[in-house]
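Commentary on secondary and tertiary structure
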Amino acid sequence: MKNPLFYRFSQLVGFLLGARIFVALLLTFALYVSTFFLFNQEESLADFVFDFRVHGIIFCTVLSILAGGIINQFYDLEKDQLTKPFRTKIQSFLKQKYFLYAYLTLLVASLLFSFLISPRVFFFFIIYQFFMWFYSHKLSKVLIVNNLTFVSLTLYPFFGMMVYYRTFSLNVFLMALFIFVILLLIDILKDTLTKNADKMFGYSTIPNFFGNKVSRAVIIFLSLSLMLCSALIIRLNGIHSIMDIYFASGLLVIVAVIFLSLQSFKKSNFYALNMLRIWIFAGIIAMLLDGIYTQF
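Residues numbered from 1 in each chain as written. Predicted model: local features only at pLDDT ≥ 70, side-chain atom pairs only at ≥ 80, totals over all residues. Heavy atoms only, no water.

With that settled, the discussion passes to the side chain of Ser 261. When you line up the elements, Ser 261 lands in helix H14 (residues 242–261). A distance of 2.7 Å separates a polar atom in the side chain of Ser 261 from the backbone oxygen of Ile 258. Those residues within four positions of Ser 261 in sequence are excluded, and the remaining contacts are Arg 216, Ile 219, Ile 220 and Asn 269. (Helix = DSSP H or I, 4+ residues; strand = E, 2+ residues; numbered from the N terminus. Polar contact = N/O pair within 3.5 Å; in protein donor to acceptor, adjacent residues only side chain to side chain. Contact = heavy atoms within 4.5 Å.)

Here we come to the packing of aromatic side chains. All chains considered together, the criterion is met by 19 aromatic pairs. Between Phe 115 and Phe 122 the ring centres are 5.5 Å apart and the planes differ by 85°, which places this aromatic pair in the edge-to-face class. Grouping aromatic residues by their ring pairs yields a cluster made of Phe 124, Phe 125, Tyr 128 and Tyr 156. If you follow Lys 141 out to its NZ or CZ, it ends over the ring of Tyr 203, 5.0 Å from the centre. One Lys or Arg, Lys 190, reaches over the ring of Phe 150 and ends 5.8 Å from the middle of that ring. (Phe/Tyr/Trp six-rings, centres within 6.5 Å; stacked < 30°, edge-to-face > 60°. Lys NZ or Arg CZ within 6 Å of the ring centre and 35° of its normal.)

With 77 residues, the main nonpolar core has Phe 39, Phe 125, Met 161, Ile 182, Leu 185 and Phe 247 as its most contacted residues. Per element, the largest residue contribution to this core is 12 residues, and it comes from helix H10 (residues 170–193). Excluding anything up to four places from it in sequence, Ile 182 contacts Leu 226, Leu 276, Trp 279 and Ile 280. (Core = buried A, V, L, I, M, F, W, Y, C linked by side-chain atoms within 4.5 Å. Buried < 20%, exposed > 50% of the residue type's maximum accessible area, 1.4 Å probe, protein only.)

This next bit is on the environment of Gln 263. Relative to the assigned elements, Gln 263 resides in the loop between H14 and helix H15 (268–295). On the basis of relative accessibility, which here comes to 24%, the residue Gln 263 falls in the partly exposed class. Sequence separation between Gln 263 and Arg 216 is 47 residues; the distance between their C-alpha atoms is 9.8 Å. With near-sequence residues (within four places) excluded, Gln 263 lies in contact with Arg 216 and Ser 268. Reaching out from Gln 263, the side chain makes a polar contact with the backbone oxygen of Phe 259 at a distance of 3.1 Å.

Okay, the packing of helix H8 (residues 119–137) against helix H9 (residues 145–165) next. Remark: H8 packs on H9, axes separated minimally by 11 Å, with the N-to-C direction vectors making an angle of 160°. Here H9 runs roughly antiparallel to H8, going by the angle between their axes. In this structure, H8 crosses over H9, and the sense of that crossing is left-handed. Along the contact surface, H8 presents Phe 124, Ile 127, Tyr 128, Phe 131, Met 132 and Tyr 135, while H9 presents Asn 146, Thr 149, Phe 150, Leu 153, Tyr 156, Pro 157 and Gly 160. Among the residues making up the contact of H8 with H9, the classes are represented as 10 nonpolar, 3 polar and no charged. (Axes fitted to C-alpha atoms, helices over the stretch in contact; angles between N-to-C directions. Parallel < 35°, antiparallel > 145°, perpendicular 65-115°, else oblique. Left-handed = near helix turned anticlockwise from the far one by under 90°. Nonpolar A, V, L, I, M, F, W, Y, C, P; charged D, E, K, R; others polar.)

In this section: unusual backbone geometry. Even without being a glycine, Ile 144 presents a positive backbone phi close to 70°. Examined against the element boundaries, Ile 144 turns out to sit in the loop between H8 and H9. Here Ile 144 falls in the partly exposed class, since its relative accessible area comes to 37%.

With that out of the way, let us pick up the pattern of salt bridges. For the structure shown, the criterion picks out 1 salt bridge. The salt bridge partner of Lys 190 is Asp 187, with a shortest N-O separation of 3.3 Å. Residue Lys 190 and its partner Asp 187 are located together in helix H10, separated by 3 residues, close to a single helical turn. Judged by relative accessible area, which is 28%, Lys 190 ranks as partly exposed. Residue classification places Asp 187 among the buried residues on the basis of a relative accessible area of 4%. (Salt bridge = Lys/Arg side-chain N within 4 Å of Asp/Glu carboxyl O.)

Structure below.
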């Protein structure tokens, strides 16, 4: 490498991509927004800002997500070389042993900080870290279990915050169900795009095990389930807030996803996948704006 500065920069970028830094940042943002505006029903903004226990839990979550991203890319390296050639090329600037060192460092740091918060939080993150490793090591290749585990691990920190604040209601349950279904739908759509690579490297997914017809039927069923969740939320709350408008307008997005899933074009699922990803981000922004409008 003639330019050492470029080489070091490439190593840094490779590490950040390997750690799924953008996913970690998005989940951190979503966790703060949902914690303050959805789960937190009693604390004021000042109390929340100085609640270092909550910040500590979220910090441990970020470290855990980064560690999970690293160990996942370590196990998926061969498949990623085929499905994500640009990212794996950037990651090649950093040896895999350094990714493992970083994984162990983040893992230990997360558990150490969680233990300083409380033994219960430590136990919470022990379970989280174990299943993130076990998913990458074994469960990611098990039919249906891989999709359910991936979505459950994504929502695990949010469930922890819900328990921490003891926020249990029908509205929260329906919103949690909505997020679970939409993430499951996204994961299955993603599997349709990596169908051949998954089959080549031994990943048993719905598209490569059951075929296109069954996977299309599953996608439509999940889309209809999303519509039902949205309709129940609207029926429960009416249309009086930004979040209510989000769920109401989301019905059109779901109709578009169903329409795309019925198409035979190769890129249809790609468009549907990214439409749902954008819609999740829009939901986080809607929750933020709704919370600001309601509280301030």
